[in-house]
Every structure is written in C-alpha cells, then in structure tokens.
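Letter by letter, the chains look like this.
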Amino acid sequence: MTLEQPLATRPPRSLAEAAEAHLDDVFGYLLYLTRDRETAEDLSSATFEKALRMWDRFDPRRGSARTWLLGIARTTALDWFRAEARRRKREEAAALDERVEEAFVEGLSPELETALTSLSAGEREVLALRIVLELDGDAAARVLGISPTAVSTRLSRALKRLEERVNEG
C-alpha cells in the first residue's frame, strides 16, 4: 500500500491540478498588480489559457508550478499594461476629432444614441466590430489584438453598460 505524496511536495500531474492549487495565488497577484477585480479575472483567464497551450513546456526541475504560473501571469499582465497604454493613446487621438457620423446613429432612439456616446471608445469599438459589422469573435480578436475570450468579455460588459445607461435615461 502506497500513500500519495501531497501536491505541495510533488509536481502536479496535470494543468488542472496545478490550476486548482494555484488559482488564488495567480488571481491575487494579478489583482495586486492591476487593482481592478474585473481586469484581474480577465488576466487570470488569459494566464491559464496560455498555460494550457504551454503545459508541455513545464519542467518541474526548473521550478514549481506556482512559480511557472506566476511567471506567465506576470508576462500576461505586462502585455496587458502595454496594450492598454497603446489603446489609451488611440482613444485620446480619436477623441480629439471624434464626431458621431449621422449615418451611424441614423434611426436610433435618442436614449440609445445618448447611451452610445457615454461609452468609452473601446466599448464602442467592440460593439461596432461585433454588432454593427457582424465580425465573429475570432475576427474581432485579430482586429483588436486580443484573445477571442477577451472580445467576448468586453462585448458582454459593453452591452451591460449600454443597457444600464439606456435604462437610466
């Protein structure tokens, strides 16, 4: 009869086992870096998505699964910070000469038109790509330079904010 060695003293057998053991560590680290729960959730998802694709590269002789996952989380967060800085620059540049094209809002109710103008440029961008232009998630992700999962999350949040603003007015 053999007793199984606890996870703390042995390498994980699968990514699922490693994720279960270290999900809170990854999320906590990303929450500390971003100071935003939604962003930390998104980045945690992206971290484990990357870890799944790279699981065959994990080598327990080089470090623990926790260290490996936190390294992926750090890289994911740094990429996000860089992308956010670029996005903000694009939005600021667009806001300088932003005019709502009448053809774009033609036929919309005044409440919906007002609600749309209250959204950020990034929120309007994902709505335009997915709803107006009817791009699928993968195509929108390529345009935005983010994962399809992130596109779905942004779209969901933008629609929720749009609905809240329409219902407020």
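Our subject is the structure that appears above.
Residues numbered from 1 in each chain as written. Predicted model: local features only at pLDDT ≥ 70, side-chain atom pairs only at ≥ 80, totals over all residues. Heavy atoms only, no water.

A few points about the overall build of the chain
Okay, so step 1: Helices and strands together make up the secondary structure of the chain, namely eight helices and zero strands.
Okay, so step 2: When the helices and strands of the chain are placed in sequence order, the string is α-α-α-α-α-α-α-α.
Okay, so step 3: Residues counted as buried form 30% of the 169 residues belonging to the chain.
Okay, so step 4: Here the contacts in the chain between residues at least 6 apart in sequence split such that 56% fall between residues at least 24 apart.
Okay, so step 5: Only carbon and sulfur atoms are counted for the fraction: they give 52% of the accessible area of the chain, which is about 11500 Å². (Helix = DSSP H or I, 4+ residues; strand = E, 2+ residues; numbered from the N terminus. Buried < 20%, exposed > 50% of the residue type's maximum accessible area, 1.4 Å probe, protein only. Contact = heavy atoms within 4.5 Å. Areas by Shrake-Rupley, 256 points an atom, 1.4 Å probe, with all protein chains shown as cover.)

Points about the packing of aromatic side chains
Okay, so step 1: In total, this model carries four aromatic pairs according to the counting rule given.
Okay, so step 2: Relative to F58, the ring of W55 has its centre 5.0 Å away and its plane inclined at 15 degrees; by these criteria the two rings are stacked.
Okay, so step 3: Seen in terms of ring centroids, F58 and W68 are 5.3 Å apart; in terms of plane orientation they differ by 55 degrees. Their pairing is tilted. In this pair, F58 sits in the loop between α2 (37-54) and α3 (65-96) while W68 sits in helix α3, placing the two residues ten residues apart along the sequence.
Okay, so step 4: Using a relative accessible area of 12% as the deciding quantity, one classes F58 as buried.
Okay, so step 5: Grouping aromatic residues by their ring pairs yields a cluster made of W55, F58 and W68. (Phe/Tyr/Trp six-rings, centres within 6.5 Å; stacked < 30°, edge-to-face > 60°.)

Details of the pattern of salt bridges
Okay, so step 1: The full count for this structure, using the stated rule, is eleven salt bridges.
Okay, so step 2: For the salt bridge of R157 with E38, the shortest nitrogen-to-oxygen distance reads 3.4 Å. One end of the pair, R157, is in helix α8 (residues 148-168); the other, E38, is in helix α2, with 119 residues separating them in the sequence.
Okay, so step 3: With a closest N to O distance of 3.7 Å, E38 and R161 form a salt bridge. Of this pair, E38 sits in helix α2 while R161 sits in helix α8, and the two are 123 residues apart along the sequence.
Okay, so step 4: You can call E38 partly exposed: its relative accessible area is 35%.
Okay, so step 5: Through salt bridges with shared partners, one network takes in E38, D42, R157 and R161. (Salt bridge = Lys/Arg side-chain N within 4 Å of Asp/Glu carboxyl O.)

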